[in-house]
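Reading the structure
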Amino acid sequence: ALGWAAWKTYLGRPETDVIRCSSLGALGRAIYSNRLLAEALPVLRAHVALVLRYWGHGVDLIGASSNLAGCLNDIGRLDEALV
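Now for a look at the structure at hand. (Residues numbered from 1 in each chain as written. Predicted model: local features only at pLDDT ≥ 70, side-chain atom pairs only at ≥ 80, totals over all residues. Heavy atoms only, no water.)

Let's shift gears to unusual backbone geometry. If you check the backbone angles, Arg35 has positive phi at about 65° while not being a glycine. Note that Arg35 resides in the loop between helix H2 (18–33) and helix H3 (37–54). (Helix = DSSP H or I, 4+ residues; strand = E, 2+ residues; numbered from the N terminus.)

Glancing now at the packing of H3 against helix H4 (residues 59–75). A packed helix pair is summarised by two numbers, namely the angle formed by the two axes and the spacing between the axes. One way to put it is that H3 packs onto H4 with a least axis distance of 9 Å and a crossing angle of 155°. In this view, H3 runs roughly antiparallel relative to H4, as classed from their interaxial angle. Where H3 crosses over H4, the two elements pack in a sense that is left-handed. Residues Leu37, Ala40, Leu41, Leu44, Arg45, His47, Val48, Val51 and Leu52 of H3 pack against Asp60, Leu61, Ala64, Ser65, Asn67, Leu68, Cys71, Leu72, Asp74 and Ile75 of H4. Its residues assigned to classes, the contact of H3 with H4 comprises 13 nonpolar, three polar and three charged. (Axes fitted to C-alpha atoms, helices over the stretch in contact; angles between N-to-C directions. Parallel < 35°, antiparallel > 145°, perpendicular 65-115°, else oblique. Left-handed = near helix turned anticlockwise from the far one by under 90°. Contact = heavy atoms within 4.5 Å. Nonpolar A, V, L, I, M, F, W, Y, C, P; charged D, E, K, R; others polar.)

Structure representation (structure tokens):
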């Protein structure tokens, strides 16, 4: 519920806003932590893409990529998780 609330609160901000980006990551992690893997996957992919588009490196990218890899691993798509 908190992930959705954060996302709905900050969705109207520009795509380059770091809080908007963080709320997308929070939504993906919340869905993933509830084991809704198919639902979490596109959100986690969007978060990685957003981080790459505007920030491109650093801790945010490592965390976002790690969350995506974990989800892919849990779904059984190991070849994609290792990329």
